[in-house]
Amino acid sequence: MIELEKYYDVVIVGAGVAGLNCALNLPRDKKILVICKDTPDKSDSYLAQGGICRLVDDADYEGYFRDTMRAGHYENDPATVECMIRNSQELIDDLIACGVRFARNADGSLAYTREGGHSRPRICFHEDCTGREITTRLMRKVRSLPNVLVVPYVTVADIMCRGNECFGVVAKDSKNGKLYRLYADYTVFASGGLGGVFENSTNFRILTGDALAICLDHGVAVDHINYIQIHPTTLYTRERGRRFLISESVRGEGAVLLDKNFRRFCDELQPRDVVTKNILAQMKKDGTEHVWLDMRPIPREEVISHFPSIVQRCLDEGFDVFRECIPVVPAQHYFMGGIRSDLEGRTTMKRLYAVGETCCNGVHGANRLASNSLLESLIFAKRAAKDVAANYSRIDLNAARAAEEALDLEKYSNVPALLRSYKNKVLEAIKEAENEQPRN
Ligand SMILES: Cc1cc2nc3c(=O)[nH]c(=O)nc-3n(C[C@H](O)[C@H](O)[C@H](O)COP(=O)(O)OP(=O)(O)OC[C@H]3O[C@@H](n4cnc5c(N)ncnc54)[C@H](O)[C@@H]3O)c2cc1C
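1. Brief notes about the overall build of the protein
Consideration 1: A count of helical and extended segments in the protein gives 14 helices and 16 strands.
Consideration 2: In terms of overall size, the protein behaves like a compact globule, its C-alpha atoms giving a radius of gyration of 21 Å where 440 residues would be expected to give roughly 22 Å.
Consideration 3: Over its C-alpha atoms, taken along the principal directions, the protein stretches across nearly 70 × 50 × 40 Å.
Consideration 4: In the protein, of all internal contacts separated by at least 6 residues, the share reaching a separation of at least 24 is 72%.

This is the structure we're talking about:
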């Protein structure tokens, strides 16, 4: 069992791609703690199937920018979109240097697949488990660093702050039962999305937006909390629990959507929100609980090499994708809103950063373009690490002690109950935002 120290240079909350890439890009002379609620493989990063976007060449810039803005209903922040696209090639090079294996053409060049909303193929992939490939490689590198400690089963229940400055976190170790009050010069929320607050979601159930609730409690700005993305195609089942995603690149490679009479009813390659609306309208019209997805238009060899996990999961559920259609239904998938952060991951509170799905830096606007989220998480986590390094200063220990002494420890006497109250707070905030400013 790992005993945590009192003071770390940087505490990173979350061990998905955002948290790991932040740790990897911080200076090696800093003592870094990465904590996560469960084991590191219980992150949405691990689940990503389709892939990660990359600017193919200079000629692709305008198209990639336009596709991202169009999918986001032009609510995206153009400067952030530009920053992401311009840094995408370097980021993919970083991943390859870390050992990530992407699909290649016969001549050794990167192979690209296509997903809805993209005007051309520009998505790097590793079979249908790109997220697992990236996350395991990053984790291997992080674990090799003597200055970084990764600790599972530690849940952040609060931050310690005073005068709009963050001094660290309050965290509960669910294995040894200890409640830690950890000081940190910098705290980074890399704590993922909020799918766990919804009944039907592709996300891990543990991702319930704790960081959002904590920020709401302490007056740290949170934007567009009602900007929730629904994925058009998850495998339909009557069982409760996490929904299994049928990647958009299946449609990008030629799969078609069919109604109850096995007739096509929409353009499958429109952005996600448009396809979702079409499916829900068709289900209503047909009086069904799902529509059908036919993967048989995709060449058999392509299905075998590109989508092995999907084929296997469908088989486990009793569907042979080579012989029949599979039932699919939309489910909550991604969170475009989040803790307000700038191009360097800085929030509105001093010494507190937010990166990855938990933050809202304006890249995605009102709707995320497929395969932009791994890229966004990785790029802005790296930028946050560089920003911390460039502006490093120590906390004032007297102020940190005062923030610690001001905590009401009774609040943490039952952390599971506290987390449930956070979940309700997030749901209420979503409802409120939806009433005030409904999304079109
Ligand atoms: C099924 C699925 C498929 C996807 N496919 C793609 C794809 O093909 N391409 C793409 O670009 N994107 C895809 N996405 C989205 C993408 O995977 C995520 O947006 C991205 O991985 C988010 O990374 P993250 O590091 O911000 O969060 P996550 O990877 O979700 O990690 C969150 C971390 O925070 C920790 N945490 C949360 N709360 C606390 C707390 N209170 N205390 C301590 N730790 C906490 C968790 O334990 C976890 O370690 C997919 C998502 C899903 C669900």
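2. What to know about the environment of Thr-233
Consideration 1: Looking at the secondary structure, you find Thr-233 in strand S10 (residues 228-235).
Consideration 2: Given 31 C-beta atoms within a 10 Å radius, Thr-233 is considered buried.
Consideration 3: Remark: the alpha-carbon pair of Thr-233 and Ile-310, spanning 77 residues in sequence, is separated by 12 Å.

3. Focus: the site of the ligand
Consideration 1: Near the ligand lie 43 residues; those nearest to it are Gly-14, Gly-16, Gly-50, Gly-192 and Gly-356.
Consideration 2: Among the elements of the structure, helix H1 (17-25), helix H2 (44-47), helix H6 (130-143), strand S6 (154-162) and helix H12 (373-390) are those that each provide at least two residues to the shell around the ligand.
Consideration 3: Residue composition of the shell around the ligand, by class: 16 nonpolar, 21 polar and six charged.

4. Some details on the domain arrangement of the protein
Consideration 1: By the assigned domains, the protein splits into domain 1 (7-227 + 336-436) and domain 2 (232-333).
Consideration 2: Relative placement of domain 1 and domain 2: their C-alpha centres are 28 Å apart.
Consideration 3: Contacts between the two partners involve 25 residues from domain 1 and, on the opposite side, 24 residues from domain 2.
Consideration 4: Its residues assigned to classes, the side of domain 1 that touches domain 2 shows eight nonpolar, 12 polar and five charged.

5. A short note on the nonpolar core
Side chains of nonpolar character tend, in soluble globular proteins, to be buried together.
Consideration 1: Ranked by size, the top nonpolar core spans 98 residues in total, and within it Ile-12, Cys-22, Val-188 and Val-355 carry the most contacts.
Consideration 2: The element contributing the most residues to this core is H12, with nine residues.
Consideration 3: For Val-355, the residues in contact, after removing those within four places along its chain, are Ala-18, Cys-22, Val-188, Ala-190, Ser-341, Gly-345, Ser-377, Phe-380, Ala-381 and Ala-384.
Consideration 4: Among the nonpolar cores identified, the runner-up in size contains 25 residues, and Tyr-236, Ala-255, Val-321 and Ala-331 belong to it.

6. Thoughts on unusual backbone geometry
Consideration 1: Here the phi dihedral of Tyr-74 falls at roughly 60°; this positive angle occurs in a residue that is not glycine.
Consideration 2: Unlike most non-glycine residues, His-224 shows phi in positive territory, near 45°.
Consideration 3: Along the chain, His-224 turns up in the loop between strand S9 (222-223) and S10.

7. Re the packing of helix H3 (residues 61-71) against helix H4 (residues 78-86)
Consideration 1: Across the interface, H3 lies against H4 with an axial gap of 10 Å and an inter-helix angle of 135°. It follows that H3 is oblique to H4 by the angle criterion. Between H3 and H4 lies a crossing of right-handed hand. Of the residues in H4, those touching H3 at Tyr-61, Tyr-64, Phe-65, Thr-68 and Met-69 are Val-81, Glu-82 and Ile-85.

8. Let's talk about H6
Consideration 1: An ideal rise of 1.5 Å per residue puts 20 Å on 14 residues; H6 measures up with 20 Å between its terminal C-alpha atoms.
Consideration 2: Within the span of H6, buried status applies to Thr-130, Gly-131, Glu-133, Ile-134, Thr-135, Leu-138, Met-139 and Val-142.
Consideration 3: Among the structural elements, H1, H2, strand S3 (52-53), helix H5 (88-97), strand S5 (148-151) and H12 are those in contact with the buried residues of H6.

9. Some thoughts on the sheet that holds S10
Consideration 1: Taking strand neighbours across the sheet as the criterion, the four strands line up as S10-S13-S12-S11 in an open arrangement whose pairing is antiparallel. Strands with a single pairing partner mark the edges of an open sheet, and in this sheet they are S10 and strand S11 (256-258). Each strand axis lies, on average, 45° off the axis of its neighbour in the sheet, ignoring direction.
Consideration 2: Strand direction decides the pairing type here: strand S12 (residues 291-294) and strand S13 (residues 326-335), joined by three bridges, are antiparallel. Across the sheet, residue Leu-293 finds its bridge partner in S13, namely Ile-326.

10. A few points about the sheet that holds strand S16 (residues 359-360)
Consideration 1: One open sheet holds the three strands; their spatial order is S9-S14-S16, and the pairing between them is mixed. In this open sheet, the two strands that pair with only one neighbour each are S9 and S16.
Consideration 2: As paired elements, S9 and strand S14 (residues 338-340) share two bridges and run antiparallel to each other. Residue pairing in the sheet places Val-222 in a bridge with Ile-339 of S14.
Consideration 3: Most of the contacts of helix H7 (residues 210-217) go to S14, to which it runs at about 45°, and overall it touches S9 and S14.

Rules of the game
- Residues numbered from 1 in each chain as written.
- Predicted model: local features only at pLDDT ≥ 70, side-chain atom pairs only at ≥ 80, totals over all residues.
- Helix = DSSP H or I, 4+ residues; strand = E, 2+ residues; numbered from the N terminus.
- Rg over C-alpha atoms; globule rule 2.2 N^0.38 Å.
- Contact = placed C-beta atoms within 7 Å.
- Buried ≥ 20, exposed ≤ 12 C-beta atoms within 10 Å, placed from the backbone.
- Near = placed C-beta within 6 Å.
- Nonpolar A, V, L, I, M, F, W, Y, C, P; charged D, E, K, R; others polar.
- Domains from an automatic or database assignment.
- Core = buried A, V, L, I, M, F, W, Y, C linked by C-beta atoms within 7 Å.
- Axes fitted to C-alpha atoms, helices over the stretch in contact; angles between N-to-C directions.
- Parallel < 35°, antiparallel > 145°, perpendicular 65-115°, else oblique.
- Left-handed = near helix turned anticlockwise from the far one by under 90°.
- Expected span 1.5 Å × (residues − 1).
- Pairing = 2+ DSSP bridges.

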